[in-house]
Amino acid sequence: MKTEIYKLGIVEDKELKFAVIVSKFNNKFVYVRHKKRETWEIPGGHRELSEDIGKTAERELKEETGAVKFKIEPVCDYSVKKEGQPQDYGRVYYANIEELGELPDFEIGEIKLFDYLPEKLTYPEIQPILFKWVMKFTVVTK
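Below: a short report on this structure. (Residues numbered from 1 in each chain as written. Predicted model: local features only at pLDDT ≥ 70, side-chain atom pairs only at ≥ 80, totals over all residues. Heavy atoms only, no water.)

So, helix H1 (residues 53-65)
- Between its first and last C-alpha, H1 extends 18 Å over 13 residues, near the 18 Å set by a 1.5 Å rise per residue.
- By the burial criterion, the buried members of H1 are Ile53, Gly54, Thr56, Ala57, Arg59, Glu60, Leu61, Glu64 and Thr65.
- The elements touched by buried residues of H1 are strand E2 (16-25), strand E3 (28-34), strand E4 (44-46), strand E5 (67-81), strand E6 (88-100) and strand E7 (108-114).
- Its side-chain oxygen at 2.9 Å from the backbone nitrogen of Gly54, Asp52 defines the N-terminal cap of H1.
- Gly66 sits one or two positions beyond H1 and adopts a positive phi of about 80 degrees. (Helix = DSSP H or I, 4+ residues; strand = E, 2+ residues; numbered from the N terminus. Expected span 1.5 Å × (residues − 1). Buried < 20%, exposed > 50% of the residue type's maximum accessible area, 1.4 Å probe, protein only. Contact = heavy atoms within 4.5 Å. Polar contact = N/O pair within 3.5 Å; in protein donor to acceptor, adjacent residues only side chain to side chain.)

Now the structure itself:
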């Protein structure tokens with residue numbers, strides 16, 4: 001599996017299928033655990049038909065964390081290429097969550113706050129790469 005990072009605007013909008021949102025709440029990173037898994041992942045998900053990718057990011061952040069009030073901004077685009085499968089593209093966002101509400105009763109079983117990357121990741125070949133790019137972005141822009 002190969003994960004690549006691109007500057008915003010390099011990947012055509014129509015190619016973006018996923019939004020991933022590296023998020024902080026109370027100065028800690030927010031990770032979610034799917035009800036059917038025991039591993040942690042960065043909030044995010046699939047773009048719905050005709051949905052703006054920015055709206056995908058906002059929707060997924062709300063659905064997966066219960067975020068009520070937040071500031072969100074795009075960081076970069078990325079691709080994942082698995083052997084024998086087409087290349088998939090997504091956009092990575094950074095969000096500062098100011099207020100969390102009730103966690104919606106969808107696929108997420110719980111959220112947890114971490115100082116850094118948790119050890120048991122759902123996508124260990126992808127998430128650390130995206131996380132590191134967001135860390136560079138937040139250091140440069142903040």
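Notes on the pairing of E6
- As defined by bridge partners, E2 adjoins E6 across nine bridges and the pair is classed as parallel. The partner of Ser23 across the bridge, within E6, is Ala95.
- Of the strand pairs in this sheet, E5 and E6 are connected by 12 bridges, and their pairing is antiparallel. Looking across to E6, one finds that Phe70 is bridged to Ile97.
- Hairpin geometry of E5 and E6 is characterised by an intervening segment of six residues between the two adjacent antiparallel strands and by a positive phi of about 80 degrees at Gly84. (Pairing = 2+ DSSP bridges.)

Observations regarding unusual backbone geometry
- Positive phi, normally seen in glycine, also occurs at Asn27, with a value near 65 degrees.
- Examined against the element boundaries, Asn27 turns out to sit in the loop between E2 and E3.
- One non-glycine residue, Ser50, lies in positive phi territory at about 65 degrees.
- Secondary-structure assignment places Ser50 in the loop between E4 and H1.

Some remarks on the layout of surface pockets
- Its volume calculated, the largest pocket comes out at about 540 Å³.
- Residue lining of the largest pocket: 25 residues in total, with Phe18, Val20, His46, Tyr78 and Tyr123 positioned closest to the centre.
- For the lining of the largest pocket, the elements supplying multiple residues, two or more each, are E2, E4, H1, E5 and helix H2 (127-141). (1 Å grid on protein atoms, 1.4 Å probe; cavity = no way out; pocket = protein on both sides within 12 Å on 5 of 7 lines; lining within 4 Å. Points joined across faces, edges and corners; volume = space filled by probe spheres on them.)

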